[in-house]
Amino acid sequence: MTHAERSPDPSRLHTLDDLAQAFMKLRRRGARKGQVHLSVRDLGRRTNKAPSTLDAYLRGIRLPPADVYEDMLRALGIPVASLRPWLDAWERIADGLPARRPPARVRAQSGGRLALIHFSQTFVYRLVGERYRADTFVGFITGDIRRVQIADVWVNSENTDMRMSRFEEYAISAIIRFDGAKHDSAGRVVEDTIAEELSRKVAGRVPVAAGSVVTTGSGELAGRNRVRHIIHVAAVRGEPGEGYRQVADIGRCVSNVLVEAERLAAVDSVRSVLIPLLGTGVAGGELESTVRTMVGSIIDHFTYYHEGNLREVYLLASTEPEREVCRAILTAGPFVASPPA
């Protein structure tokens, strides 16, 4: 940095004008030799965003989306350990802006946030028939993913930008990101382990195609939940003015996940994988058709992938409606049910 100007105090930010002034101070601190402040073009290269898009955020015309805002802060030199007050500032500013209702599609399909099932149960179904190996199982696990400790691999339903949710968001991606990070004694994130590894792996090639998968380590989840790997699958895509939508081919997402899980099984003795109901949260995917498609892809995998080492595939059913749909569809399939664990 070529300027000794003090960093702005995020606790003093309350309006878009305040934020624009803070951005300018950070740009002056981050200026390259010969610059008065870091150029919008340089910031665009660091964040992989168009300068014309960033300009409106830097001048206080619009509040950047939370994920873009976080990228801008990192590009302007704010370390991960210092992000928390800046994220609080974003919340204050957003709360002071005129309310914007969610798109009608999301309001209609989500029906509000449903309570998680307060206990965890595992329902296992053995595939029966000559086409299936006797030691392959499909099932579902109820409740909060943070209680799950029996799956070697967790799947993260991610967007085509492969950008994980913010810690405070109501999403599996946020849980995996936060619980996989390293924390200090006060519980603050000091190393954003999984998100940073994912960002490195997709650098320069986003957005990825729908259904693409990227595998990362599991960070602190390895000790807490016995998870060895996270497979991130591009199961939703963002659309201007509409938020996120489920991608068209969820079956392909599941197939790609299972092929990647088989690769991990061959090199790391992975035997089990846990998959959330892809794209049925804020992306608004229809629950029953999604589960039916996912189960069909799992059956197809075990039908044609006879030489694989993967043994168990579980769906995550966090709420009562999800549990009942999973139970109904799996009961109707080519399975024999075992008593719930």
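Residues numbered from 1 in each chain as written. Predicted model: local features only at pLDDT ≥ 70, side-chain atom pairs only at ≥ 80, totals over all residues. Heavy atoms only, no water.

Engineer: Describe in detail the confidence of the model for the protein chain, supporting the description with residues and values.
Structural biologist: Confidence along the protein chain averages 87 in pLDDT terms, with 90% of residues attaining 70 or more. Every residue in residues 99-111 scores below 50 in pLDDT, and together they form 16 contacts with partners more than four places removed in sequence or on other chains. (pLDDT = per-residue confidence, 0-100. Contact = heavy atoms within 4.5 Å.)

Engineer: Talk me through the pattern of salt bridges; I want residue IDs and the actual numbers.
Structural biologist: Within this structure, the stated rule accounts for 24 salt bridges. The salt bridge involving Arg45 is made with Asp42; its shortest N-O contact spans 2.4 Å. Here the residue Arg45 and the residue Asp42 both occupy positions in helix α2 (residues 40-47), the gap between them amounting to three residues, near one helical turn. Judged by relative accessible area, which is 58%, Arg45 ranks as exposed. Relative accessible area serves as the criterion here: at 6%, Asp42 is assigned to the buried category. A salt bridge links Asp135 to Arg311; the shortest N-O distance between them is 2.8 Å. Of the two residues, Asp135 is situated in the loop between β1 (122-127) and β2 (137-142) and Arg311 in the loop between α11 (287-304) and β10 (312-317); the sequence distance between them amounts to 176 residues. Three or more residues joined by partner-sharing salt bridges are found here, namely Glu70, Arg74, Arg177, Asp192 and Glu196. (Salt bridge = Lys/Arg side-chain N within 4 Å of Asp/Glu carboxyl O. Helix = DSSP H or I, 4+ residues; strand = E, 2+ residues; numbered from the N terminus. Buried < 20%, exposed > 50% of the residue type's maximum accessible area, 1.4 Å probe, protein only.)

Engineer: Go over the packing of helix α4 (residues 66-75) against helix α5 (residues 83-96), please, and point to the residues and values.
Structural biologist: For the pair α4 and α5, the least separation of the axes is 11 Å and the interaxial angle reads 140 degrees. What the angle tells us is that α4 and α5 run oblique. Remark: the crossing between α4 and α5 carries right-handed chirality. Side by side, α4 and α5 meet where Ala66, Tyr69, Glu70, Leu73 and Arg74 of the first sit next to Leu83, Trp86, Leu87, Ala89 and Trp90 of the second. Taken together, the residues that form the contact of α4 with α5 break down as eight nonpolar, no polar and two charged. (Axes fitted to C-alpha atoms, helices over the stretch in contact; angles between N-to-C directions. Parallel < 35°, antiparallel > 145°, perpendicular 65-115°, else oblique. Left-handed = near helix turned anticlockwise from the far one by under 90°. Nonpolar A, V, L, I, M, F, W, Y, C, P; charged D, E, K, R; others polar.)

Engineer: Could you give me a rundown of the side chain of Thr215, with the residues and numbers involved?
Structural biologist: The topology assignment puts Thr215 in strand β6 (residues 213-217). For Thr215, a relative accessible area of 11% translates into the label buried. Only 2.6 Å separates the side chain of Thr215 from the side chain of Glu260, close enough to count as a polar contact. Residues within four places of Thr215 in sequence aside, it is in contact with Glu197, Lys201, His229, Ile230, Ile231, Glu260, Arg263 and Leu264. (Polar contact = N/O pair within 3.5 Å; in protein donor to acceptor, adjacent residues only side chain to side chain.)

Engineer: Tell me what's going on with the nonpolar core, and back it up with residues and numbers.
Structural biologist: Ile275, Leu278 and Leu315 are the most contacted members of the largest nonpolar core, which has 39 residues in total. By residue number, the principal contributor to this core is helix α10 (residues 250-268), which donates eight residues. Discounting residues that sit within four places of it in the chain, Ile275 has contacts with Val155, Val254, Val257, Leu258, Met294, Val313, Tyr314, Leu315 and Leu316. Core analysis: the second largest hydrophobic core is formed by 27 residues, Ala66, Leu83, Leu87 and Ile93 among them. (Core = buried A, V, L, I, M, F, W, Y, C linked by side-chain atoms within 4.5 Å.)

Engineer: Requested: an account of the pairing of β2, with residues and values cited.
Structural biologist: For β2, a buried count of five out of six residues is recorded, marking the element as mostly surrounded by other parts of the structure. Direction of pairing for β1 relative to β2: antiparallel, over a ladder of five bridges. Looking across to β2, one finds that Thr122 is bridged to Ile141. As judged from the six bridges shared by β2 and β10, these two strands associate in the parallel manner. (Pairing = 2+ DSSP bridges.)

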